[in-house]
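Now for the letters of each chain:
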Amino acid sequence: MATTPTTKFAALIYRLGSEPKRSLKRFLTGLGLFTVAVAFIALGYYYQPWWQIPGLLFLAVALFFAIWGYLGIFANRFAQVIAATHPPLPTDDNAPPG
């Protein structure tokens, strides 16, 4: 069966890349939170330094979402490469060639 992964690594790649639209949404959420974090850090640089603390918290959350989303996007692309390089196996091994 072509859709059955043969290794644990391939199974992980297929599972991570199974929902590319959700992965893109996570990545864009992380990117948006990153801009909010940069704004807070810049605000703390120019005005009160305590504004940098929420900026660092937003930065941690933003990096988590951006990395998780990008990993899903990459896994989806890599799963397509794995599927293209491994041809499907025949469903019946006892069938005569032909």
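Residues numbered from 1 in each chain as written. Predicted model: local features only at pLDDT ≥ 70, side-chain atom pairs only at ≥ 80, totals over all residues. Heavy atoms only, no water.

1. Overview of the overall build of the chain
Regarding its fold elements, the chain presents three helices and zero strands. Secondary structure elements of the chain occur, N-terminal to C-terminal, as α-α-α. Every one of the 98 residues in the chain was classed for burial, and the buried ones make up 17%. Excluding contacts between residues fewer than 6 apart, the proportion of contacts in the chain whose partners are at least 24 apart in sequence is 68%. Working note: accessible area of the chain is about 7,600 Å², and carbon and sulfur atoms make up 71% of it. (Helix = DSSP H or I, 4+ residues; strand = E, 2+ residues; numbered from the N terminus. Buried < 20%, exposed > 50% of the residue type's maximum accessible area, 1.4 Å probe, protein only. Contact = heavy atoms within 4.5 Å. Areas by Shrake-Rupley, 256 points an atom, 1.4 Å probe, with all protein chains shown as cover.)

2. Regarding the side chain of Ser 23
Looking at the element boundaries, Ser 23 is found in helix α2 (residues 20-46). When its relative accessible area of 2% is taken as the criterion, Ser 23 is described as buried. When neighbours within four sequence positions are excluded, Ser 23 is seen to be in contact with Leu 16, Gly 69, Gly 72 and Ile 73.

3. As for the packing of aromatic side chains
The description of an aromatic ring pair rests on the distance of the ring centres and on the angle between the ring planes. Tallying each qualifying case throughout the model produces 10 aromatic pairs. With a centroid separation of 6.1 Å and an interplanar angle of 50°, the aromatic rings of Phe 27 and Tyr 70 are classed as tilted. Here Phe 27 is found in helix α2, whereas its partner Tyr 70 is found in helix α3 (residues 52-85), with 43 residues between them in sequence. Ring geometry for Tyr 45 versus Tyr 46: centroids 5.0 Å apart, planes at 85°, classification edge-to-face. (Phe/Tyr/Trp six-rings, centres within 6.5 Å; stacked < 30°, edge-to-face > 60°.)

4. A closer look at the pattern of salt bridges
Tallying each qualifying case throughout the model produces one salt bridge. Taking the shortest distance from any N to any O, the salt bridge between Arg 22 and Glu 19 comes out at 3.2 Å. The exposure class of Arg 22 is partly exposed, given its relative accessible area of 47%. (Salt bridge = Lys/Arg side-chain N within 4 Å of Asp/Glu carboxyl O.)

5. So, the packing of α2 against α3
Closest axis-to-axis distance for the α2/α3 pair is 7 Å, and the angle between their directions is 155°. Judged by the angle between their axes, α2 and α3 are roughly antiparallel. The handedness of the crossing between α2 and α3 comes out as left-handed. (Axes fitted to C-alpha atoms, helices over the stretch in contact; angles between N-to-C directions. Parallel < 35°, antiparallel > 145°, perpendicular 65-115°, else oblique. Left-handed = near helix turned anticlockwise from the far one by under 90°.)

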